[in-house]
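Read off the chains here:
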Amino acid sequence: MIILEYALKKDRGVSRLRISVTMSGRTLILICEDNGAGIPADEKEIIFMHGNSKYSDTRLFLVREILGITGLPIRECGDPEKGVRFEISFPEGKYRT
């Protein structure tokens, strides 16, 4: 839910949200993407930190920490010109089909 809230915050111009799932080998990847303002390449890690950057978000920091504890990495890998794209990876054994 926090990831979806991030998509809608700060008047980013979002008109479309998409959630999908894909497989990469034996890893399931949950994708949440939008078509709003993207994150510049040099700011992508900052969104997961505490701080006062335009892009930092304490809630995303907590999401990354909690997912990391359970062995589920999250990253932002959207095109800065096309929107935000979060990917959460579920290695084999961390999901059921």
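Refer to the structure presented above.
Bear in mind that the values here come from a model prediction, so they are computed numbers and not experimental data.

Reading the values: the criteria
Residues numbered from 1 in each chain as written. Predicted model: local features only at pLDDT ≥ 70, side-chain atom pairs only at ≥ 80, totals over all residues. Heavy atoms only, no water. Helix = DSSP H or I, 4+ residues; strand = E, 2+ residues; numbered from the N terminus. Contact = heavy atoms within 4.5 Å. Pairing = 2+ DSSP bridges. Axes fitted to C-alpha atoms, helices over the stretch in contact; angles between N-to-C directions. Core = buried A, V, L, I, M, F, W, Y, C linked by side-chain atoms within 4.5 Å. Buried < 20%, exposed > 50% of the residue type's maximum accessible area, 1.4 Å probe, protein only. Salt bridge = Lys/Arg side-chain N within 4 Å of Asp/Glu carboxyl O. Polar contact = N/O pair within 3.5 Å; in protein donor to acceptor, adjacent residues only side chain to side chain. Phe/Tyr/Trp six-rings, centres within 6.5 Å; stacked < 30°, edge-to-face > 60°. Lys NZ or Arg CZ within 6 Å of the ring centre and 35° of its normal.

### Quick look at the environment of Leu-4
Structurally, Leu-4 is set in helix H1 (residues 2-8). Counting along the chain gives 22 residues from Leu-4 to Arg-26, while the straight-line C-alpha distance between them is 26 Å. With sequence-adjacent residues up to four places away left out, Leu-4 is seen in contact with Leu-17, Ile-19 and Cys-32.

### Examining the sheet that holds strand E3 (residues 74-76)
To summarise the sheet geometry, strands pair through backbone hydrogen bonds and adopt either a parallel or an antiparallel arrangement. Read from one edge of the open sheet, 4 strands run E1-E2-E4-E3, paired in antiparallel fashion. Taken across any chain shown, the strands that pair with only one partner, and hence form the sheet edges, are strand E1 (17-24) and E3. The sheet shows a mean angle of 20 degrees between the axes of neighbouring strands, taken without regard to direction. Note that E3 and strand E4 (residues 85-90) share 3 bridges and pair antiparallel. For Arg-75, the partnering residue across the bridge sits in E4 and is Glu-87.

### A word on the nonpolar core
Judged by nonpolar contacts, the single largest core of 16 residues is most densely connected at Ile-3, Tyr-6, Ile-47, Leu-60, Ile-74, Phe-86 and Ile-88. Contributions of two or more residues to this core are made by H1, strand E2 (27-34), helix H2 (58-69) and E4. With sequence-adjacent residues up to four places away left out, Leu-60 is seen in contact with Ile-2, Ile-3, Tyr-6, Ile-47, Phe-48 and Phe-86.

### A closer look at the pattern of salt bridges
Scanning the entire structure with this criterion turns up 7 salt bridges. Two residues, Glu-87 and Arg-75, come together in a salt bridge whose shortest N-O distance is 3.0 Å. Note that Glu-87 is positioned in strand E4 and Arg-75 in strand E3, a separation of 12 residues in sequence. For Arg-75, a relative accessible area of 44% puts it in the partly exposed group. Here Arg-85 makes a salt bridge to Glu-87, at a shortest N to O gap of 2.8 Å. Residue class for Arg-85 comes out partly exposed when judged on its relative accessible area of 22%. Using a relative accessible area of 9% as the deciding quantity, one classes Glu-87 as buried.

### Concerning the side chain of Lys-44
Tracing the chain through its elements places Lys-44 in the loop between E2 and H2. Under the relative-accessibility criterion, Lys-44 is labelled buried at 14%. A distance of 2.6 Å separates a polar side-chain atom of Lys-44 from the backbone oxygen of Gly-78. Leave out the neighbours within four places in its chain, and Lys-44 touches Ile-39, Glu-76, Cys-77 and Gly-78.

### Quick notes on the packing of aromatic side chains
Inspection of every chain in the model, using the stated rule, returns 1 aromatic pair. Note on Phe-48 and Phe-86: the rings are 6.2 Å apart at their centroids and 80 degrees apart in plane angle, and the pair reads as edge-to-face. With Phe-48 in the loop between E2 and H2 and Phe-86 in strand E4, this pair connects stretches of sequence that are 38 residues apart. This pair shows no difference in class: Phe-48 is buried, exactly as Phe-86 is. Sitting over the ring of Phe-48, Arg-64 keeps its end group 4.0 Å from the ring centre.

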